Structures are given as C-alpha cells and as structure tokens.
Amino acid sequence: MKEKAQTKCSLFICSQNVISRVEESVFGSFVEHIGRSVYNGIYQPEHATADKDGIRIDVTEAVKELGVSLVRYPGGNFLSGYDWRDGIGDKSCRPVRTNLAWKEIEPNTFGTDEFMKFCEKAGTEPMMAVNMGTGTARDAADLTEYCNLSGGTYWSEKRKANGHEKPYDVKYWCVGNEMDGCWQMCAMPAEEYGRKANEAAKLMKFVDPSIKTVLCGSSSSKSPTFPVWDRKVLEQAYDNIDFLSLHTYYTYADRADVSDFLASPADFDRYIRTAKATCDYVKAAKKSGKDIDFAVDEWNVWHTGSEYDHTENWTVGKPCLENVYDYADALCVAGLLTVLVNNSDRVKVACLAQLVNVIAPILTSESGVLRQSTFYPFREFSARCRGLEAIDAVGYVPTYKSASYGDVPALYKSVCYDAEKGEYVCFFVNPTGGAVQAELTFDRAVSIAERKTLKGELHAKNSFENPDCVSIVDKQFTSVKSASQKVELQSYSFEIIKFK
Ligand code: AHR
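Thresholds applied
Residues numbered from 1 in each chain as written. Predicted model: local features only at pLDDT ≥ 70, side-chain atom pairs only at ≥ 80, totals over all residues. Heavy atoms only, no water. Core = buried A, V, L, I, M, F, W, Y, C linked by side-chain atoms within 4.5 Å. Buried < 20%, exposed > 50% of the residue type's maximum accessible area, 1.4 Å probe, protein only. Contact = heavy atoms within 4.5 Å. Near = heavy atom within 4 Å. Polar contact = N/O pair within 3.5 Å; in protein donor to acceptor, adjacent residues only side chain to side chain. Areas by Shrake-Rupley, 256 points an atom, 1.4 Å probe, with all protein chains shown as cover. Nonpolar A, V, L, I, M, F, W, Y, C, P; charged D, E, K, R; others polar. Pairing = 2+ DSSP bridges. Helix = DSSP H or I, 4+ residues; strand = E, 2+ residues; numbered from the N terminus. Axes fitted to C-alpha atoms, helices over the stretch in contact; angles between N-to-C directions. Salt bridge = Lys/Arg side-chain N within 4 Å of Asp/Glu carboxyl O.

1. Describing the nonpolar core
Of all hydrophobic cores here, the largest spans 126 residues; its most connected members are Phe110, Phe118, Val175, Tyr193, Trp299, Leu355 and Phe494. The residues touching Tyr193, leaving out its near neighbours within four places in the chain, are Met132, Val175, Met179, Met188, Leu215, Cys216, Trp229 and Val233. Grouped together as the second largest cluster of nonpolar side chains are 22 residues, Leu11, Leu440, Val487 and Phe499 included.

2. Some remarks on the site of the ligand
Inspection of the region around the ligand gives Phe30, Glu32, Gly76, Asn77, Trp102, Asn177, Glu178, Tyr249, Glu298, Trp302, Gln354 and Ile359 as its neighbouring residues. Between the ligand and Asn177 there is a distance of 3.0 Å, counted from an oxygen atom to a side-chain nitrogen or oxygen. Separating an oxygen atom of the ligand from a side-chain N or O atom of Glu178 is a distance of 2.8 Å. In isolation the ligand exposes 280 Å². Once the protein is present, 95% of that is buried. Split into classes, the residues belonging to the shell around the ligand amount to five nonpolar, four polar and three charged.

3. Quick notes on the sheet that holds strand E1 (residues 6-13)
The strand order E16-E1-E21-E24 describes an open sheet built from four strands, whose pairing is mixed. Two strands close off the open sheet at either side, each with one partner strand: strand E16 (394-396) and strand E24 (482-489). Ignoring which end each strand starts from, the neighbouring axes of this sheet average 20 degrees apart. Pairing geometry for E1 and strand E21 (residues 435-446), over eight bridges, is parallel. Note that in E21 the partner of Gln6 across the bridge is Ala435.

4. Thoughts on the side chain of Thr213
Within the secondary structure, Thr213 sits in strand E9 (residues 212-215). A distance of 2.7 Å separates a polar atom in the side chain of Thr213 from the backbone oxygen of Asn240. Apart from residues lying up to four places away in sequence, Thr213 is in contact with Trp173, Val175, Ala201, Lys205, Asn240, Ile241, Asp242 and Phe243.

5. Points about the sheet that holds strand E22 (residues 448-455)
Taken together, the seven strands give an open sheet; going across it, the order is E2-E15-E19-E20-E25-E22-E23, and neighbouring strands pair in antiparallel fashion. Strands at the two margins of the open sheet, each flanked by one partner only, are strand E2 (18-21) and strand E23 (471-474). Recorded for the sheet is a direction-independent mean angle of 25 degrees between the axes of neighbouring strands. In this sheet, strand E25 (residues 493-499) lies alongside strand E20 (residues 423-430) in antiparallel orientation, the contact comprising seven bridges. Within E25, the position partnered with Val429 by the bridge is Phe494.

6. A look at the pattern of salt bridges
Using the criterion set out here, one finds 46 salt bridges in the structure. Here Asp345 and Lys276 are joined by a salt bridge, their closest N and O atoms 3.5 Å apart. Residue Asp345 is located in the loop between helix H9 (327-342) and strand E12 (347-353), and its partner Lys276 is located in helix H8 (residues 264-285); the two are separated by 69 residues in the primary sequence. Across the salt bridge formed by Lys500 and Glu423, the nearest N and O atoms sit 3.2 Å from each other. Remark: Glu423 occurs in strand E20 and Lys500 occurs in the segment after E25; sequence separation between them is 77 residues. Glu423 sits in the buried class, given a relative accessible area of 8%. Where salt bridges share partners, they join Glu65, Arg371, Arg379, Glu380, Arg384, Glu423, Glu450, Lys498 and Lys500 into one cluster.

Given below as structure tokens:
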C-alpha cells in the first residue's frame, strides 16, 4: 500500500456499549503430540529443570506468565489415530506406536494423567479431544468416564488404581479434529461425521451431562467446502453440541507486503461473521432456542516451508514446525486478539496453536526457555481482558486495499471496561506504513493512566542470545483529563493504553 502521512480515525467509547464478557477460556492454547511439543518440550525427564514427574518447571513458569487459561490436548492431527488407553498405567507396559499424522514414533510415556499433572503445575485447565478418526463413540465415552466419574465403574476405578483418586472434571471436549481434511486419518463426508459426532457427544453426555462439546467445523475458512460442511455437520449434531470449532492460520502471500499480511485480522473477523451466520441459519431452520458458540481452538501465525519441517522421520521429540517469530508476527497476533475480544459474544473458547516449540510463543533449549515476540501480545491481552466486558468502540476507521483481502481497516482496536476500577483498557494495532491519529470520545472525562508499546524493528526476532529484541515496554505520555483524547499510533505498532 502507499505510505500515508496521517490517517484519522474517530471512535466513541462508552462503558454501556457492551459486546459481552470476555471469558477466561478465550486465552487458551494447545499441546499436541508432534515434534518437540510434548517430548523435549513440556516433558523432558532428563532435563535439569524437570521435576519428579519429568515436567520442565522453567516451561510451566513461562506458561503461567503467558496467562494460559486452558490447554487443548492431545491433538491436532495426531488425535485421529490415537488410542488414549495406550497412554495410561504403568509406563513400562505402555506400547510404542506410530504417530502416523506426523511420521513420528510415539513412546506413550506421556498420556492423559501426565497431561493433567502438567495442567495442574502450569495453573491451567485441561480441554480434552476424542478421536473420531480411528476411534469410536464408545472410546470417547470411556475416556470421559476415565476423566470425570468419581468411581465405581471400570474406567474411573482404573484412574484411581493409576494413582489419581479425584476425577479431573474436564469441562470442554473436542469431538474429533479437522474431520473434513483429506490429510486427516479417516476423514469423512460431513453427513457421516455429523452423525458420528452426534452419537459420540450423546454418549459422552450420558456419562457426564455437565460437559461442553465442540463439533469440528471446517479446518479453514479457505476450505472449498466452508461453510457448507459447517451447516451439514450442525444439522446432524445440533442437539448434543455446544460449540463449533474454527481453525485459522495466517502467513504472508508476499513477504515484501507486510500490510497485506497485517490485513489477516480483517479476514479472521469475516470468517467468524460467516460462521455466526451459518450457525444462526441452522438454529432458525431447526426452530431451536439454542445458540451455538465458537471454540476457535486453533489460531496463530504459521509460516510454512522446508526449513520448518521434520529433520528426521520416525523419531521422538525432534524439531518440527518450529517457527521463529518476528515483530510483524507479533503485530498480527495482536490484531487477531482484538478480533477474538470483539467477537466475545460468540467466541467463548480459543486456543493459540500451539504452546511450546511447535508454532509456539515459547521455545525451549537445553539452556532454558525463550519468550518469542508473539508471547507478549498474548500475555498482555490475557492479563488485561479476562473476565472484563468488551466494549464496542464505534466510529469511523478508514480502510486500505490489501492484495489478499481487499478493503481492510487501517486500525485494529478493542476496548475492555473494568467496572470495579472505572478503567478502559484499549488495544490498538496499526497495520499500515504510516501513522494513525485516533480521536477518542469517551462517555466521561478520563486521562491516560498507562501506555505500553511493543518494542522492536519490523523483522526483529528474539533469540537465546538476544532474548529481548521484541518485548512490551512503557511509552512516555502526557495527559489532560477530558472526554476527548487524541493518540498517535506509529506505523506498524501495537499499543495498550489505559484510560481512567
Ligand atoms: O497445529 C498444527 C496442525 O494444524 C494440527 O495438528 C491440525 O489440527 C492443524 O491442521
């Protein structure tokens, strides 16, 4: 796009213009059996920082700092060939299997009970996924029983015999993963999957009626069958399903065009709007009183290419899909987070995919843990938005033409209101190569109480040698109390401004 000297936006911000509460579960993440996510990631018994359970404490500390409310597990594509029974009980008796999704060896030394321990140590909630590829409705109900029943039945007693007296009370359950994708083990047509998922969810709810189930929507908004797949699976499974899953990953169409890449959040917003319309169509057609909400249970920036692929097949815990993110990637993640907050009326669960090493905000090495550029926007949104009300900041925002997504906003913004403190927390991402002037009109006189910004050069990356090239830092400000506030947002920037 052409450089612009000054772009002007005007926004009206009123605490009564509420979109919805931003659920804690929107700040989730995802751990799959792939590459160095589990093995040599969160689980590395021989590492200096590992505890008696083999979990790396430097990793759990970073996860706590990131503010991860929930973690989806164990996949991902891995899920569709996984027998959860292989991963419980005496480790010396667990079978070594093939991980067909990623051409790896699965030693099964980390399974459901180890994952629950990880969640406890990392202060996060488990979100489980059941296999709808090679797995059956019975297998799914049995895992629900293993996790959630207190005792007196075969699988709940097995859990107790394995040393876990109390049930795990897992609330969120994904019924399969990306079942529309030809790469998925035992992918199937929408009608078939919808029927199977409905029966599986029904059995799972027979076991524990309090659970919330997630139906596989299309694996991407770019899929040729989106949103027809979504309509068809909803038609089959509406009664036993609470959420539809959305998956989205963004990358460059053209590496030289950063503003095009940073138009991705506009595409994400359109994707959610189309999914809303699809769910609401099925609701109306079924004359149902029930709304289907969204679990965006895989979202992130993901750059592909041979440099990120496996170095060796049929190994355990070797690097795979290890993206090293830069400042521009962090801007994109911040923009995507504004979209999640602005759609909090329907997005009730979301998972940054993934958590450690594999397209992740946290990288590990033998020497320690690295916070990637994308770690920082996630941390700030999670710490500042959870449980607050998202406010619709209405007004005028100019657009620019992006090569991939057409006309898109020249500013991404989201606002949360803390009623107890009487504070507005505003998040701004300027995706353009010119400064943006935001003229804000509040419902009362306010002044700036805090201003922070993402520091770094456009393509700067954090590394183990230079871990702080991209991070969140304070920004100087002067402020006069008034209902009218003007802020200038520099080209390619992310800012958090608190008004009180
Ligand atoms: O997150 C990596 C992969 O992306 C997951 O296994 C799959 O669900 C998606 O295609």
